[in-house]
Amino acid sequence: TPGDVFVEVGLENCDVMTRQKVVCCKEAQVVGGTLRAFGGVAAGRLGDPKGTETFVEVGNDYYTPLRAIEIERELATHQHNLHRIQATLKPLENTMLQDGLQQYRQMREQCQTLQHLELERIRLLKTEQHRCALFAKNHINATIEANEVFSGVKIRNGRSKLTVPALLQEVRFVEAMHGTVVHAVSLTKAS
């Protein structure tokens, strides 16, 4: 999704990908699966005492490249549709005889309406494509915050990785040393 993801109760073995943030209620537990949130994660509990493989990643945008591929496909489809409509319109617009016949006028008007709709959709897709290209160049300092993080949870911030060695409480994971390591910082010290 391009927007924020809100979690009230919890997630179990889910794969979540967002361009924005994942925000969980304080009691919500994320166990198993993968959270990829470009903008950051605010969680209640990450992982579980059994060490269920849980992966949390911020600072890397996986959504935008996927959406860019979808946009390319949609553009190709709409451009193909537009060419078909224009090919249908051409004989309807060039024949003076057809102007006098009601059914040809209606067909021409329908084709012109469809042409307008396809052109508008192409314009919107190209605008979104341009925004995606600009957004892909963004770098942000995203963080992961949680009330509890169990041992074994894998954290990634940008290029840096960390596997949580022991139960941590009230913690924020941040990039440090020019993005080469991830540090766990107490939320009380970080504030």
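What you see is a predicted model, and the numbers here were worked out from it, not measured in a lab. (Residues numbered from 1 in each chain as written. Predicted model: local features only at pLDDT ≥ 70, side-chain atom pairs only at ≥ 80, totals over all residues. Heavy atoms only, no water.)

Draft legend 1. Seen up close, the pattern of salt bridges. Taken as a whole and judged by the stated rule, the model has ten salt bridges. With its nearest N and O atoms 3.4 Å apart, the salt bridge here joins Glu57 to Arg36. Of this pair, Glu57 sits in strand E6 (residues 54–58) while Arg36 sits in strand E4 (residues 29–37), placing them 21 residues apart in sequence. Among the ionic pairs, Glu70 bridges to Arg67, the shortest N-O distance being 3.1 Å. Note that Glu70 and Arg67 are positioned in helix H1 (residues 63–94) at a spacing of three residues, about one turn of the helix. Among the residues examined, Glu70 registers a relative accessible area of 41% and is labelled partly exposed. Linked by salt bridges that have partners in common, Arg67, Glu70, Glu74, Arg121 and Glu128 make up one network. (Salt bridge = Lys/Arg side-chain N within 4 Å of Asp/Glu carboxyl O. Helix = DSSP H or I, 4+ residues; strand = E, 2+ residues; numbered from the N terminus. Buried < 20%, exposed > 50% of the residue type's maximum accessible area, 1.4 Å probe, protein only.)

Draft legend 2. Here's a closer look at the side chain of Glu118. Its place among the elements puts Glu118 in helix H3 (residues 102–136). The side chain of Glu118 sits in the buried core without any salt bridge; Arg121 is the nearest counter-charge, 7.5 Å away. (Lys, Arg positive; Asp, Glu negative; His and termini not counted.)

Draft legend 3. Here's a closer look at the pairing of E4. Here eight bridges tie strand E2 (residues 10–18) to E4, and the two strands are oriented parallel to one another. Among the inter-strand pairings, Leu11 is bridged to a residue of E4, identified as Val30. The pairing of E4 with strand E5 (residues 40–46) spans two bridges and is classified as parallel. Each bridged residue has a counterpart across the sheet, and for Gln29 the counterpart in E5 is Arg45. Both E4 and E6 contribute to a ladder of five bridges, which runs parallel. Looking at E6, one finds that Ala37 is bridged to Val58. (Pairing = 2+ DSSP bridges.)

Draft legend 4. Spotlight on the environment of Ala133. Following the sequence through the fold, Ala133 ends up in helix H3. For Ala133, a relative accessible area of 42% translates into the label partly exposed. For the pair Ala133 and Ala68, spaced 65 residues apart in sequence, the C-alpha to C-alpha distance is 8.2 Å.

Draft legend 5. Seen up close, the nonpolar core. Core analysis: the largest hydrophobic core is formed by 25 residues, its most contacted members being Val22, Val41 and Leu46. Looking at this core, the elements that each hand over two or more residues are strand E1 (5–7), E2, strand E3 (21–24), E4, E5, E6, strand E7 (144–149) and strand E10 (168–176). Look past the residues within four positions of Val41 in its chain and what remains in contact with it is Val22, Leu35, Val56, Val58, Thr143, Ile144 and Glu145. Of all hydrophobic cores here, the second largest spans six residues; its members include Ile71, Leu75, Leu82 and Cys132. (Core = buried A, V, L, I, M, F, W, Y, C linked by side-chain atoms within 4.5 Å. Contact = heavy atoms within 4.5 Å.)

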